[in-house]
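Tertiary structure, described
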Amino acid sequence: MKLRIPLYGRLSTFRRGFVSTFSLDVVARGLSAIALVLFIRALGVESFAYLVLFLTVGQFAGGALTGGIRTRYLRAEAERVSRGDEGATGFALALATAVALIAACGALLYAGASLAGGVDSQFVLLATLFTAGHASIELAMYHNQAHLRFTRGGAIGVARSSAVLAVAALASFGLLGSGPAVAGAVAAAVTGVAALACAPYVRQTIAVPARAALGGHFGAEASWLTVYYLASAGFAYVNIFVVASLLDDEAVASYGAASRYLAIALGPVPALLAVIRVRTSQHDVVDSAVLQKEMLIAWVKRTIGPAAAVVAIAVIAAPFAIPLLDQGAYPDSVPIFQLLMLPALVIYTTMPGASMLMAQHRYRTLATIYAVAVAVQIGVALAAAEVLGVVGVAGAEALVGAAEAAATVLVALRVRAPAETPPEGAGDAQPNPT
């Protein structure tokens, strides 16, 4: 069987889903880009560095603590929908579990910060609030994607970016001058959007019994996915923490700004991932090793050329475009951004790898790959920071990130049997034939 278009089963549905998700995500990222420029120009180095750390901690913690819960919920829900099952959904339970995890970790960190004395307990409190709001919005978006309501899911992301832009506008008018004031406003805005987005789904599913909502291996699968997301989030954000620990505020601001520019360059990724996550959760993909392999090979062949062209343009344009955005405030952000475009190329080319390992129920394998990668990344980044400074940290991320993404696809291609066996790591699972 030769696939003409990779990863699209119901072609019209997923084409429309990608177009609507991508279009709305472009809007959301455009709003975020405007907010970034406003923050850079309105805040001093110290305040902007505070905001960078605040956003990094919140996004890292949200992905690390709740990424497994969200993804397992999406995959279970999407597969249920694809099989025509009208049974129970576990949105309320998944949301409650995610928020409880964040609150518990936040309380522990707040207590520790208060006892330590030198740690900013206000920062911990605001970051916990932002993390809960950000993770809840992501879960609401995943719920809509699982039900093939891509436009509604994308609209929630636009609402979140609009709320952050409103805070940036206040900062640009001098109404929020300090880092803590801006962070508090961002946390409040994002949490408000989360409450509005999640309320309808909570009302619909709050009465669903926990056993029906969880399903057979939800706990074991979510546990390995949580390890994967912990490692994945660590890989994505550990460099900011390394830079903050070993270098100065200007280095943190430079790396943070370059990371935000990278997020803009990766604009289509969330829309593509949304479609990939749902498509690889549907029963025909889950049940067919042949289809999984053909999808992966077709994706790599069709993506590598266009992705390389886009990355080359971004690298060439960076020395001219970035100084226009930051008015030359952070010159190191140019080489940092250029180095980070290497893993960006590999991300585009190997994007379905992690989702395909999930379709194969190889959660433990996926978690192991990322755990090893983040351990290597920490060691290399620490050494690079001491010798080469902030640009060296970016080089370390570029090399290790490219290797990790490529390894994920190579492992996923080694599936040799239908992925219908119980997941790796489940207590009563049978041996995985792969």
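Remember, predicted model here, so these are calculated numbers, not experimental data. (Residues numbered from 1 in each chain as written. Predicted model: local features only at pLDDT ≥ 70, side-chain atom pairs only at ≥ 80, totals over all residues. Heavy atoms only, no water.)

**Focus: the overall build of the chain**
For the record, the criterion: Strands are runs of DSSP state E lasting at least two residues, helices are runs of H or I lasting at least four, and both sets are numbered from the N terminus onward. Working definition: with a 1.4 Å probe on protein chains only, accessible area under 20% of the residue-type maximum means buried, over 50% means exposed, and in between means partly exposed. Two residues form a contact once any of their heavy atoms are found within 4.5 Å. Under the convention used here, a 1.4 Å probe and the Shrake-Rupley method define accessible areas, while residue burial counts only the protein chains that appear.
Broken down by element type, the chain carries 16 helices and zero strands. Counting over 434 residues, the chain shows a buried share of 51%. Residue pairs in contact within the chain that sit at least 24 positions apart in sequence constitute 82% of those at least 6 positions apart. Counting every atom, the chain has about 17,900 Å² of accessible surface; 67% of that belongs to carbon and sulfur.

**Here we look at the nonpolar core**
Note the following rule: Working definition of a nonpolar core: buried Ala, Val, Leu, Ile, Met, Phe, Trp, Tyr and Cys residues. They are joined through side-chain atoms within 4.5 Å.
In terms of nonpolar packing, the biggest core is built from 114 residues, with F39, F48, F54, V182, V186, Y228 and Y255 touching the most fellow members. Excluding its chain neighbours within four sequence positions, the residues that come into contact with F39 are F48, L51, V164, V167, A168, A171, V182 and V186.

**Looking at the environment of A28**
Positionally, A28 belongs in helix α1 (residues 11-42). For the pair A28 and G157, spaced 129 residues apart in the sequence, the C-alpha separation amounts to 6.3 Å.

**Digging into a negative patch on the surface**
Put simply, the rule reads: Patch membership requires more than 30% relative accessible area and the absence of a salt bridge. Residues of like charge join within 9 Å; the nonpolar side chains Val, Leu, Ile, Met, Phe, Trp and Tyr join within 5 Å. What counts as a salt bridge is simple: a side-chain nitrogen of Lys or Arg found within 4 Å of a carboxyl oxygen of Asp or Glu. When charges are counted, neither His nor the chain ends are considered; positive counts come from Lys and Arg and negative counts from Asp and Glu. Where a charge lies is defined by one atom per residue type, namely NZ (Lys), CZ (Arg), CG (Asp) and CD (Glu).
A cluster of acidic residues, E46, D248, D249, E250 and D332, forms a negative patch on the protein surface. Secondary-structure assignment places D249 in helix α9 (residues 249-265). Given the relative accessible area of 39%, D249 is considered partly exposed.

**With respect to a nonpolar patch on the surface**
A cluster of nonpolar side chains, contributed by L170, F173 and L175, occupies part of the molecular surface with about 360 Å² of accessible area. With respect to the helices and strands, the residue F173 is situated in the loop between α5 (150-172) and α6 (179-205). F173 sits in the exposed class, given a relative accessible area of 68%.

**Comments concerning the packing of aromatic side chains**
Selection criterion: Here a Phe, Tyr or Trp ring, Trp counted by its six-membered ring, pairs with any other such ring whose centre lies within 6.5 Å, and the pair is stacked when the planes are under 30 degrees apart, edge-to-face when over 60, and tilted otherwise.
For the coordinates displayed, the defined rule picks out seven aromatic pairs. The interplanar angle of 70° and the centroid separation of 6.2 Å between the aromatic rings of Y73 and F91 together place this pair among those described as edge-to-face. With a gap of 18 residues between them, Y73 in helix α2 (residues 45-82) and F91 in helix α3 (residues 91-116) connect regions that are remote in the sequence. A single burial state applies to Y73 and to F91, both of which are buried. Ring geometry for Y228 versus Y370: centroids 4.7 Å apart, planes at 90°, classification edge-to-face.

**Things to note about the pattern of salt bridges**
For the structure on display, the rule yields four salt bridges. A salt bridge links R160 to E138, with the shortest nitrogen-to-oxygen separation between them at 2.8 Å. With R160 in helix α5 and E138 in helix α4 (residues 121-146), this residue pair connects regions lying 22 residues apart in the sequence. You'll find R160 and E138 in the same group, each marked buried. With its nearest N and O atoms 2.6 Å apart, the salt bridge here joins D284 to R279.

**Focus: the confidence of the model for the chain**
Quick note on the threshold: Think of pLDDT as the predictor's per-residue confidence, scored from 0 to 100.
The predicted model of the chain has a mean per-residue pLDDT of 81, with 86% of residues at 70 or higher. Ignoring residues within four places in sequence, the model shows residues 418-423, a span with pLDDT below 50, making 23 contacts including any to other chains. Note on residues 425-434: pLDDT is under 50 here. Beyond four places in sequence and across chains, it has 21 contacts.

**Let's talk about helix α12 (residues 289-326)**
Let me state the cut-off plainly: The span expected for a helix works out to 1.5 Å for each residue beyond the first. Bend angle per residue: angle between axes fitted to the 7 residues ending at that residue and the 7 residues starting there. Identification of polar contacts relies on pairs of N or O atoms within 3.5 Å, with a donor-acceptor requirement for protein atoms, meaning one able to donate a hydrogen and the other able to accept it, and with residues adjacent in sequence counted only if both atoms are side-chain atoms.
In this model, α12 (38 residues) spans only 48 Å end to end at C-alpha, well below the 56 Å of a helix rising 1.5 Å per residue. Along α12, the helix axis deviates most sharply at A318, where the bend reaches about 60°; the proline P319 sits within four residues downstream. Measuring from the backbone nitrogen of L291 back to the side-chain oxygen at the start of α12 gives 3.1 Å, which picks out S288 as the cap. Two residues or fewer after α12 comes Q327, characterised by a positive phi angle close to 55°.

**Observations concerning the packing of α5 against α6**
Let me state the cut-off plainly: Between the N-to-C directions of two axes lies an angle of 0 to 180 degrees, each axis being a line fitted to C-alpha atoms and, for a helix, fitted only over the stretch in contact. Throughout, the term roughly parallel applies to angles under 35 degrees, roughly antiparallel to angles over 145, roughly perpendicular to angles from 65 to 115, and oblique to all others. Should the near helix be turned anticlockwise from the far one by less than a right angle, the crossing is termed left-handed; should it be turned clockwise, right-handed.
The contact between α5 and α6 brings their axes to 9 Å, and the two run at 155°. By the angle between their directions, the pair α5 and α6 is classed as roughly antiparallel. For the element pair α5 and α6, the recorded crossing hand is right-handed. Two secondary-structure elements touch here, α5 through R152, I156, A159, R160, A163, V164, V167 and A171 and α6 through V182, A185, V186, A189, V190, V193, A197 and Y201.

**Quick look at the environment of A403**
Among the structural elements, A403 can be located in helix α16 (residues 390-412). On the basis of relative accessible area, A403 is assigned to the partly exposed category, the value being 46%.

**Overview of helix α15 (residues 363-388)**
Working note: α-helix, 3.6 residues per turn, so residues spaced by three or four point in the same direction. The first and last C-alpha atoms of α15 sit 36 Å apart over 26 residues, in line with the 38 Å expected at 1.5 Å per residue. Three or more residues of α15 are buried, namely Y363, L366, A367, I369, Y370, A373, V374, Q377, A381, A384 and A385. The first or second residue beyond α15 is G389, which carries a positive phi of 80°.

**Let's talk about unusual backbone geometry**
In terms of backbone geometry, most residues other than glycine have negative phi values and most peptide bonds are trans. Despite not being glycine, L148 shows a phi value in the positive range, around 65°. Looking at the secondary structure, you find L148 in the loop between α4 and α5. The phi dihedral of H361 is positive, around 65°, even though this residue is not glycine. Of note, H361 is situated in the loop between α14 (353-359) and α15.

**Examining the side chain of S161**
The residue S161 is located in helix α5 in this model. Using a relative accessible area of 7% as the deciding quantity, one classes S161 as buried. Those residues within four positions of S161 in sequence are excluded, and the remaining contacts are A28, L31 and S32.

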